[in-house]
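Geometric and topological summary
Take a look at the letters that make up each chain.
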Amino acid sequence: GVLGVIAPWNYPFHNMLNHIISGLFSGNAVVSKCSEHTSWSSDYFGRIVKAALVECGHDPDIVQTVTGFGEAGSALVSSSYVDKIIFTGSPGVGRLVMEGCSKNLKPVILELGEKDPM
């Protein structure tokens, strides 16, 4: 299948690669939408993953990184080619992601922020 990852601006290395690696290990292709604030670093991390895939004899195109504003994330959520969504971010946007996934009964994992006591 195809896993859609919507990652926030903070911790782009962990929040992006964590889901890419687990998606690949479970046999999926992965499309990762990074924050518009982390475009450069997310592209760099994506190139590392692609190089590792080539080194191991796999097709590097099974991982794609896209960037953009909310419309890019919405396109992943509504795409019939994406089988599951993992979203990390705010509860408000998480509700929108969940609502979008519910239209086609697409599985979604939400890791919602704003839980920090500070």
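Scoring rules and cut-offs
Sequence order as written defines the numbering, with residues in each chain counted from 1. Selection of residues for local features in this predicted model requires a pLDDT of at least 70, selection of side-chain atom pairs for listing and counting requires 80 or more, and totals for whole chains, interfaces and linings are taken over all residues. The basis for every side-chain value is the complete set of non-hydrogen atoms in the structure, without hydrogens or water. Here, nonpolar core refers to any group of buried Ala, Val, Leu, Ile, Met, Phe, Trp, Tyr and Cys residues whose side-chain atoms link them within 4.5 Å. Type-normalised accessible area, obtained with a 1.4 Å probe on protein chains alone, sets the label of each residue: buried when under 20%, exposed when over 50%, and partly exposed for intermediate values. Secondary structure follows DSSP: runs of H or I at least 4 residues long count as helices, runs of E at least 2 residues long count as strands, and numbering of each begins at the N terminus. The criterion used for residue contact is that any of the two residues' heavy atoms lie within 4.5 Å. One requirement defines pairing of two strands: DSSP has to find at least two bridges between them. Axis definition: a line fitted to C-alpha atoms, limited for helices to the stretch in contact. Angles are taken between N-to-C directions and run from 0 to 180 degrees. By definition, the arc is the one covered by directions from the helix axis to the C-beta atoms. We define a salt bridge as a side-chain nitrogen of Lys or Arg found within 4 Å of a carboxyl oxygen belonging to Asp or Glu.

Let us now look at the nonpolar core. Among the nonpolar cores identified, the biggest contains twelve residues, and these are Leu 3, Val 5, Met 16, Leu 17, Ile 20, Leu 24, Val 30, Phe 45, Val 49, Leu 53, Val 63 and Ile 86. Those elements giving two or more residues to this core turn out to be strand S1 (2–6), helix H1 (12–25) and helix H2 (39–55). Leaving out residues up to four positions away in the same chain, Leu 17 has contacts with Pro 12, Phe 45 and Val 49.

Turning to the sheet that holds S1, a few remarks are in order. On the basis of which strands lie adjacent, the open sheet formed by five strands has the order S3-S2-S1-S4-S5 and parallel pairing. Both outer strands of the open sheet, strand S3 (63–67) and strand S5 (108–112), are each paired with one neighbouring strand and no more. Adjacent strand axes in the sheet meet at a mean angle of 15 degrees, parallel and antiparallel pairs treated alike. Across five bridges, the pairing between S1 and strand S2 (residues 29–34) is parallel. The residue bridging Ile 6 from the neighbouring strand is Lys 33, located in S2. Taken strand by strand, H2 contacts S2 and S3, and its axis lies near 175 degrees from that of S3.

Another aspect to go through is helix H3 (residues 70–78). Of all the positions in H3, only Gly 73, Leu 76 and Val 77 are classed as buried. Looking straight down H3, one finds its buried side chains confined to an arc of 100 degrees; they lie on one side. Close packing links the buried residues of H3 with S1, S2, strand S4 (84–89) and helix H4 (91–102).

Now for the side chain of Thr 38. Along the chain, Thr 38 turns up in the loop between S2 and H2. Those residues in contact with Thr 38 that sit more than four places away from it in its chain are Trp 9 and Pro 12.

Evaluated as defined, the whole model comprises two salt bridges. A salt bridge links Arg 47 to Asp 43; the nearest nitrogen and oxygen atoms lie 2.4 Å apart. Note that Arg 47 and Asp 43 are positioned in helix H2 at a spacing of four residues, about one turn of the helix. Look at Arg 47 and you get partly exposed, because its relative accessible area is 44%. For Asp 43, a relative accessible area of 38% corresponds to the partly exposed category. Salt-bridge contacts for Asp 61 lead to Lys 50; the nearest nitrogen and oxygen are separated by 3.8 Å. With Asp 61 in the loop between H2 and S3 and Lys 50 in helix H2, this residue pair connects regions lying eleven residues apart in the sequence. The exposure class assigned to Lys 50 is partly exposed, which follows from its relative accessible area of 22%.

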